[in-house]
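# Coordinates in review
Listed below are the residues making up each chain.
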Amino acid sequence: MESIHCNSLLNPNFSLNQRRRRINHAVLNRRDALLRSLNAVELRRSRTFSAVRTSNFSVAAAATDVGGRNSTDASVMTTAMSGVERGVRVGKSSSALEQLDIERGVCVPFRKYSPETVRSKVLESRGAVVSLVSRGVEIVWTLGLYWSTLTYDFLVGRDEEVVPFRARQLRNLLCNLGPSFIKAGQVLANRPDIIREDYMNELCILQDDVPPFPNEVAFNIIEEELGQPLENIFSKISSQTIAAASLGQVYRATLRATGEDVAIKVQRPQIEPIIYRDLFLFRTLASFLNGFSLQKLGCNAELIVDEFGEKLLEELDYTLEARNIEDFLENFKDDPTVKIPGVYKNLCGPRVLVMEWIDGIRCTDPQAIKDAGIDLNGFLTVGVSAALRQLLEFGLFHGDPHPGNIFAMQDGRIAYVDFGNVAVLSQQNKQILIDAVVHAVNEDYGEMANDFTRLGFLAKDTDVSPIVPALEAIWQNSAGKGLADFNFRSVTGQFNKLVYDFPIRIPERFSLVIRSLLTQEGICFTLKPDFKFLEVAYPYVAKRLLTDPNPALRERLIQVLFKDGVFQWKRLENLLSLAKENVAKMSSNPNLRVKRVESKLDLTDTIKDGARLFLLDEGIRRKLILALTEDSKLHVEELVDVYRLVEDEVDIPTLAMQVVQDLPNVFRDFVLSWSNSVLSDR
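Residues numbered from 1 in each chain as written. Predicted model: local features only at pLDDT ≥ 70, side-chain atom pairs only at ≥ 80, totals over all residues. Heavy atoms only, no water.

On a plain count of helices and strands, the protein chain comes out with 32 helices and 13 strands. The buried share of the protein chain, taken over its 682 residues, is 49%. Relative to all contacts within the protein chain whose residues are 6 or more apart in sequence, the contacts with residues 24 or more apart total 69%. (Helix = DSSP H or I, 4+ residues; strand = E, 2+ residues; numbered from the N terminus. Buried < 20%, exposed > 50% of the residue type's maximum accessible area, 1.4 Å probe, protein only. Contact = heavy atoms within 4.5 Å.)

Written out as structure tokens, the structure reads:
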């Protein structure tokens, strides 16, 4: 059996996708060995491995297995065992992180954040107590004073009329408290489960535009990280910052060796100790709010802080951002419609990131896009398709696609920058999301509510029966308007009211999904006020359902086509029409005429899989035969209509040849299926 060393799991040279594949491969193939190893070191009672037994494996568990398998490598074994011991200590007090892992359905190879890590980093520094006390007093005094004004407004009965003023006051207050609070405000702007909508709208203005720190300090940081003088690497560098944010700022420069223009991202000086100190204080405060949070959101306040802290510390490490860029490059390497900047790994460090300069047009300037000869409709189609691919296909998506991070290239491609804030959706989460869409299409609102529980919006064992009518009302109200009037902002507005009536928590990754969709829909409306987001999104989803070879999606397609055991002929025709529309829009896009874009809807694999399923699955075979003969008549007309939709999309001779070549495999599977059924009957 192939062995995997601990250092290969944590090797920074591997991309996120490579690390995930290696870890998942090790986990799935060695579960029994893992349990034996856990038993040998008497750690099976540990809370850390209660998550392992539900298939959510920590890196410490993986390391234990690896160490046990590689007994000849003493150093690996020692590293693995120490990793397990650390994992146990963390596991005993980090149940919130365990809950996050279970909800996400992913194996986390390593963590920059844990409450214990934050605590040790803060308390080990000199003067820690004095710093904590002074900062704590500042925070409590500032927030307490603001809270007292809200209380006074409520007592005198003017709480509603002064909301705009108090919302602006909160935004300014967060800015004054520093980068941790600016980031917290940006998170709150997407959390209707925590803050009311009018305050959210004000906090949406809270961008990273803050005064830059001096060039001299920034250039010293660059030289420290790269280990050589600036003039040795860059022939020129801008004297003014291109952008300044709460965590860092950006310069434009030219590489001396190649003459290429690059963007240099530099972290603010001494920001890490400030972030760690504030996270420690946040979590300490959260421990006093757990009861209130459990009542209102169905989860501990500490869990919300852990979500925030984990994401914030990831943004602080620019080597992680470099790996994010590599993963996006890998995902879109065959997509001629998307531009991802290259990254110069040899010029990157924890506080400095050097990437390819993107010379594009801001996507909020429709006139500039038109003046560049770019077709506006084509660009919007490209943008929506790229966003949906990130969400539903890759499970790795840009978490902050605001107008400053998205550009239109001269050749019609869409370009993304700033990959510090990305989110990952596991295969499990993606499948549940698709389940939710299928349940919505089939109007199965009870199962939709259960999907919310599986995704972490509702605590386990929550009674979903009161939520079902509310979900039905939201969906019926939105879907009833049709594509012409449907928009995500109206749906999220109604959902925001729902989270105030029920103990619903919006997990961090899904708050990023919501923000991403809302932001990109807003950009579309800026470029074209009458743009219909779903008119592009629906055809993409239809094409993916019909053509994706993933067995899970094949299963969802069957669920969509059958409702209450009855085959939905009209729904199949609609899916085919929408999928063909998606291909037609992309292939006829004037921005992409010189690029390689598919011009036909390739249904070859779908038809082959359907034929195989018809032969091997007795239940599907019975349903399809009933569909063809229901109401005591042969549905020849429906079959003809479907054939007319696909006749131009299928190469019949090629398909027939592939079917003939696959017949031995189909026959083998048929015999195995038949023998299994015979044995089970006996």
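Resuming the write-up.
Here we take up the layout of surface pockets. Computed from the structure, the largest pocket encloses a volume of approximately 2,100 Å³. What lines the largest pocket is a set of 50 residues, and nearest its centre among them are Trp-147, Leu-188, Ile-194, Leu-289 and Phe-292. Sorting the residues of the lining of the largest pocket by element identifies helix 9 (128-155), helix 10 (163-177), helix 11 (179-188), helix 15 (271-287), helix 16 (290-297), helix 17 (301-316) and helix 24 (488-501) as the ones contributing at least two each. In terms of residues, the lining of the largest pocket owes the most to one element, helix 9, which gives 11 residues. Across the lining of the largest pocket, the residue classes tally to 34 nonpolar, 6 polar and 10 charged. (1 Å grid on protein atoms, 1.4 Å probe; cavity = no way out; pocket = protein on both sides within 12 Å on 5 of 7 lines; lining within 4 Å. Points joined across faces, edges and corners; volume = space filled by probe spheres on them. Nonpolar A, V, L, I, M, F, W, Y, C, P; charged D, E, K, R; others polar.)

Moving on, we come to the state of the cysteines. When the sulfur atoms of two cysteines share a covalent bond, that bond is a disulfide. One pass over the structure, following the stated rule, counts 0 disulfides. As a non-bridged cysteine, Cys-363 has Cys-524 as the owner of its nearest cysteine sulfur, 8.8 Å distant. Its relative accessible area of 1% is what places Cys-363 among the buried residues. (Disulfide = S-S within 2.5 Å.)

For the rest of this paragraph, the subject is the pattern of salt bridges. Taken as a whole, this structure holds 26 salt bridges when the rule is applied. For the salt bridge of Arg-135 with Asp-278, the shortest nitrogen-to-oxygen distance reads 2.9 Å. Taken together, the residues Arg-135 in helix 9 and Asp-278 in helix 15 connect sequence positions 143 residues apart. Owing to a relative accessible area of 0%, Asp-278 belongs among the buried residues under this scheme. If you follow the salt bridges from partner to partner, you end up with Arg-135, Glu-138, Arg-277 and Asp-278 in one network. (Salt bridge = Lys/Arg side-chain N within 4 Å of Asp/Glu carboxyl O.)

What follows concerns the packing of aromatic side chains. Applying the stated rule across the entire model yields 7 aromatic pairs. On the basis of an interplanar angle of 50° and a centroid distance of 6.0 Å, the ring pair of Phe-282 and Phe-308 is categorised as tilted. Taken together, the residues Phe-282 in helix 15 and Phe-308 in helix 17 connect sequence positions 26 residues apart. With a centroid separation of 5.4 Å and an interplanar angle of 35°, the aromatic rings of Phe-457 and Phe-510 are classed as tilted. (Phe/Tyr/Trp six-rings, centres within 6.5 Å; stacked < 30°, edge-to-face > 60°.)

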